[in-house]
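Per-entry structural report
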Amino acid sequence: MEAARSGIEEVTYPDRISQLPNDLLFRILSSIPVSDAMSTSLLSKRWKSVWKMLPTLVYNENSCPNIGSLGFDQFCGRSLSLHEAPLLKTLNLKLRNQSDSLDSLIFPNIHSTLLEFSIKSTDYPCYYSTLSFPNDLRVFQTLVVLKLQGNITLDVVDSPVCFRSLKSLYLKCVKFKNEESFSKLLSACPVLEDLFLQRLCSVGRFLFSISVPSLQRLTYNKEQCYYSDDEAILEITAPSLQYLNIFDRVGVFSFIEDMAKLVEASVKVNLSKNEMLPKALTSVEHLSLDLYPSMVFHINDRFISKQLLHLKLDIYDNFRSNLLLSLLKDLPNLQSLKLNHTHPNYTVEDQPCSVSGPSSVPECLSFHLETFQWIGYAGTIEETEAAVYVLKNARCLKNATISLYSRGTENDLMMIKELESMSKGSTMCQLLVKL
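What comes next is a walk through the structure. Since we're looking at a predicted model, the values are computed, not measured.

Quick look at the overall build of the chain now. The helix and strand tally for the chain stands at eleven helices and 21 strands. Per-residue burial for the chain yields a buried fraction of 46% across its 435 residues. Within the chain, residue pairs in contact and separated by at least 24 positions form 66% of the contacts whose partners lie at least 6 positions apart.

The next thing to look at is the side chain of D314. Tracing the backbone through its elements, the reader meets D314 in strand β17 (residues 310–315). A polar side-chain atom of D314 sits 3.2 Å from a polar atom in the side chain of N340. When neighbours within four sequence positions are excluded, D314 is seen to be in contact with K268, S288, L289, D290, L291 and N340.

Okay, the sheet that holds strand β14 (residues 252–255) next. Read across the sheet, three strands follow the order β10-β12-β14 without closing on themselves; strand pairing throughout is parallel. Only two strands of the sheet have a single partner each, and these edge strands are β10 (204–211) and β14. For this sheet, the mean angle separating the axes of adjacent strands, direction not counted, is 15°. Pairing between strand β12 (residues 230–237) and β14: four bridges, direction parallel. The residue bridging L234 from the neighbouring strand is F253, located in β14.

Moving on, we get to the pairing of strand β9 (residues 194–199). Most of β9 sits out of view: five of its six residues are buried. Where strand β7 (residues 168–172) lies against β9, five bridges are found, and the strand directions are parallel. Pairing of K172 across the sheet is with Q198, part of β9. Relative to strand β11 (residues 217–222), β9 is paired through six bridges, and the arrangement is parallel. Within β11, the position partnered with L197 by the bridge is Y220.

Okay, helix α7 (residues 179–187) next. All buried positions along α7 are accounted for by S181, F182, L185 and L186. Buried residues of α7, viewed axially, fall in a sector of 130°; they line one side. The opening residue of α7 is N178, an N-cap whose side-chain oxygen sits 3.3 Å from the backbone nitrogen of E180.

Before going further, it helps to examine the sheet that holds strand β4 (residues 129–131). One open sheet holds the three strands; their spatial order is β4-β6-β8, and the pairing between them is parallel. The outermost strands of the open sheet, each flanked by one partner alone, are β4 and β8 (175–176).

Along helix α8 (residues 321–329), seven of the nine residues are buried, which leaves the element largely enclosed by surrounding structure. Within α8 the residues assigned to the buried category are S321, L323, L324, L325, S326, L327 and L328. The secondary structure elements touched by the buried residues of α8 are β16 (286–291), β17, β18 (336–341), α9 (363–367) and α10 (381–393).

For F133, which is not glycine, the phi dihedral falls at a positive 45°. Counting through the fold element by element, F133 comes out in the loop between β4 and α6 (138–142). At C173, a position not held by glycine, the phi torsion is positive, near 55°. Mapped onto the elements, C173 comes out in the loop between β7 and β8.

A few words now on the pairing of β12. Regular strands have side chains that alternate between both faces of the sheet. Two strands pair when backbone bridges link them, and β10 and β12 are joined in this way by eight bridges, in the parallel orientation. What sits directly across from F206, in β12, is A232.

Definitions and limits used
Residues numbered from 1 in each chain as written. Predicted model: local features only at pLDDT ≥ 70, side-chain atom pairs only at ≥ 80, totals over all residues. Heavy atoms only, no water. Helix = DSSP H or I, 4+ residues; strand = E, 2+ residues; numbered from the N terminus. Buried < 20%, exposed > 50% of the residue type's maximum accessible area, 1.4 Å probe, protein only. Contact = heavy atoms within 4.5 Å. Polar contact = N/O pair within 3.5 Å; in protein donor to acceptor, adjacent residues only side chain to side chain. Pairing = 2+ DSSP bridges. Axes fitted to C-alpha atoms, helices over the stretch in contact; angles between N-to-C directions. Arc of directions from axis to C-beta.

What follows is the structure in structure tokens.
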């Protein structure tokens, strides 16, 4: 009216956002706090039910200011009960404070065929939220992925829960009330295929018993701290295991059954505590290991793996050529070899290495090795000896890449000249030296 009186034409702007397809609106609403997404239902009739159809809900206690007098747990429970159940597939909870209401307020209000559920708790280290799964709810039966991280205590000894469809379980720095809680949780996952476990530095002895016939991939490591009485023990019964990644130089490991299907393994452990471990790796085709002089004292029998095709060795101590060549003697079909040498900023004390070099050229060098990579080559006497031996005797070598550990421009140039002058047993070999 005022516009007409003043002779000014009134301009209206179309609501273009409301005309966007649901998939795009879902992406927009998924990027804001759930409380704000719920508020959009007041905008218009078009928006009234949009948030209820979100396939993914992320509840972050640090970014949910608009929940009134409700506590975070109550807000999550009430809003979940309003969501249109069949459409919710992924639910993420990020907790800031301790919560003992997850079992009573959150889980019972999830009525969808949820596929993925994650809980991350970042509360002060002294306080832990407890999960006990007191009821075998429908939501647990459809889960495919479950992720639990941070200050969470699992107490499932008396739980009737069964994760009938769960294939991937991610447990990072969570507590278990006792050893039975851990084993009971795994026994409730009859079709589990992928397990990630990062353990806390346990005080005293703690047994992690992994007995999962369906397990195909296992990743196990420890948090970045150390306690003198940390005595974690890992017992593995996984006949279907195909991939194994262990990084724990404190723990003790025991394999109850053979793992004939194991194809790839990365193992960073203390062999003085795990002398039988190499026997569990004889079927692998891809292997990553630590190489250090004293390891020869920790392997009673020769480590023979005719299946091994690709080997990566991480070197942290002073390099010993005889140890490397002796190891190659036991790997007749090796096709690729990668050495990753990390040089510490402090002086490493020489460790004894009584192993002698091979009396004959290793079979893998004569007939199979095609790729050789060395990262952190420093040109020491031991390193030069190994480089000369490999390049001279690897008759099928196609590619050799050596990356230098720089010790000054003049020294680098000398190493490059020395490497390029080394004789090669393969006429196909392409040598690349990197600074």
